[in-house]
Amino acid sequence: MNFTALLIGLGPVIGWGFYPTISAKLGGRPANQILGSTLGTLIFALIFNLVTGTSLPTGMDLFLSIISGMSWAIAQSITFQSFTLIGSSRAMPITTAFQLIANALWGVIALGNWPGVAAKLLGTLALVLIIIGASMTVWSEDKRSQQNANNLKKAVMLLAVGAIGYWGYSAAPQASSISGMQAFLPQAIGMVIGALGYVLLVNFKDNEPLALTEVLSYKHILPGFFFAFAALTYLISAQPNMNGLATGFILSQTSVVLATLTGIWFLGEEKTKKEMLVTIAGLVLIIAAAGITVVL
């Protein structure tokens, strides 16, 4: 691994590490957050395509890329809802764990990953470690608050549903015949479509103010740039002449450490000393298990 490849591989760590914290810090409702984030991603993708001259795919490749982006927007809207229940520092390790499990199972069932009994046993162990690690990150010394316990249960259920959308974001492009960089712009288009659908739904169903008319929504374009930067640098990092898919994936997953710690430090999501130690140990377990799943 050369120095340039390492720097590019750290792009997703920075982008995805700061993205949820900046979104939470700016505040607003999930509708504000998802609308601004997807607009920021679309602007970034448009500039990238103009600079590089990347052509827009057509036919089924275009359709699958748009579906991929819509799936992400739905999943991220759900993740933003979980932030309101338990905060980003607790939600991010859980959603990361669910995504790792979903993608690993998809790889085994549909793509033939983990061939052989030994690989399947090690893979299963890795999934168990991911679950244990995620549980450790939300452990609390305070067992008295029933409201906190109820919020955690609701958030876990939401994030489990959201993992389906993140799986669609990853899986849909695999059925196409284009590169990740070609899919980048149509995915961003799909993200905006998904975000607009969510904004209109909560406006009609929950009688929320229309996020399209609120200035705060457009402030969330900034964290959208962070997400887009992470997504693009991950696509570059995963190329064989850079870090490769396995190493690029492992590097990208370390973003959960930064997302969790910045949520604690900058958002006032306080933990006791013991809770902090258990959280860090849980994060280490998640990253180690992610490494196992990609080398099998």
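Residues numbered from 1 in each chain as written. Predicted model: local features only at pLDDT ≥ 70, side-chain atom pairs only at ≥ 80, totals over all residues. Heavy atoms only, no water.

Draft legend 1. Main features of a nonpolar patch on the surface. A cluster of nonpolar side chains, contributed by Phe 3, Leu 6, Leu 7, Leu 10, Ile 14 and Phe 229, occupies part of the molecular surface with about 540 Å² of accessible area. When residues in the nonpolar patch are grouped by element, the largest group, three residues, is from helix α1 (residues 3–9). Summarising the element assignment, Phe 3 is placed in helix α1. Overall, the relative accessible area of 60% leaves Phe 3 in the exposed class. (Patch = residues over 30% accessible without salt bridge, like charges linked within 9 Å, V, L, I, M, F, W, Y side chains within 5 Å. Areas by Shrake-Rupley, 256 points an atom, 1.4 Å probe, with all protein chains shown as cover. Salt bridge = Lys/Arg side-chain N within 4 Å of Asp/Glu carboxyl O. Helix = DSSP H or I, 4+ residues; strand = E, 2+ residues; numbered from the N terminus. Buried < 20%, exposed > 50% of the residue type's maximum accessible area, 1.4 Å probe, protein only.)

Draft legend 2. Broad picture of the packing of helix α3 (residues 30–52) against helix α8 (residues 180–205). Contact geometry of α3 with α8 gives a least axis separation of 8 Å together with a crossing angle of 155°. Classed by the angle they form, the pair α3 and α8 counts as roughly antiparallel. Judged by the sense of rotation from one axis to the other, the crossing of α3 with α8 is left-handed. Of the residues assigned to the contact of α3 with α8, the class counts are 22 nonpolar, three polar and no charged. (Axes fitted to C-alpha atoms, helices over the stretch in contact; angles between N-to-C directions. Parallel < 35°, antiparallel > 145°, perpendicular 65-115°, else oblique. Left-handed = near helix turned anticlockwise from the far one by under 90°. Nonpolar A, V, L, I, M, F, W, Y, C, P; charged D, E, K, R; others polar.)

Draft legend 3. Seen up close, the pattern of salt bridges. What the rule picks out here adds up to four salt bridges. The residue Glu 141 makes a salt bridge to Lys 274 at a minimum N-O spacing of 4.0 Å. Note that Glu 141 is positioned in the loop between α6 (117–137) and α7 (146–171) and Lys 274 in helix α13 (residues 273–295), a separation of 133 residues in sequence. Among the residues examined, Glu 141 registers a relative accessible area of 39% and is labelled partly exposed. Lys 274 sits in the partly exposed class, given a relative accessible area of 49%. Taken together, the shared-partner salt bridges connect Arg 29, Glu 208 and Glu 214 into one network.

Draft legend 4. Quick peek at α3. Along its 23 residues, α3 runs 33 Å from first to last C-alpha, staying within 8% of the 33 Å computed at 1.5 Å per residue. Immediately beyond the C-terminal end of α3, within one or two residues, lies Gly 53, with a positive phi of roughly 70°. (Expected span 1.5 Å × (residues − 1).)

Draft legend 5. Region of the structure containing the packing of α3 against helix α4 (residues 59–86). Here α3 crosses α4 at 140°, and the two axes come no closer than 9 Å. Here α3 lies oblique to α4, going by the angle between them. For α3 against α4, the interelement crossing comes out right-handed. Packed against α3, whose contacting residues are Pro 30, Gln 33, Ile 34, Ser 37 and Thr 38, the element α4 presents Trp 72, Ala 73, Gln 76, Ser 77, Phe 80 and Gln 81 at the interface. Taken together, the residues of the contact of α3 with α4 sort by class into five nonpolar, six polar and no charged. (Contact = heavy atoms within 4.5 Å.)

Draft legend 6. Focus on the packing of aromatic side chains. According to the stated counting rule, one finds ten aromatic pairs in the structure shown. On the basis of an interplanar angle of 80° and a centroid distance of 5.9 Å, the ring pair of Phe 48 and Phe 184 is categorised as edge-to-face. One end of the pair, Phe 48, is in helix α3; the other, Phe 184, is in helix α8, and 136 residues separate them in sequence. Through successive ring pairs, a cluster of aromatic residues spans Trp 16, Tyr 19, Trp 72, Phe 80, Phe 83, Phe 227 and Tyr 234. (Phe/Tyr/Trp six-rings, centres within 6.5 Å; stacked < 30°, edge-to-face > 60°.)

These results come straight from atomic positions and should not be treated as a statement about function.
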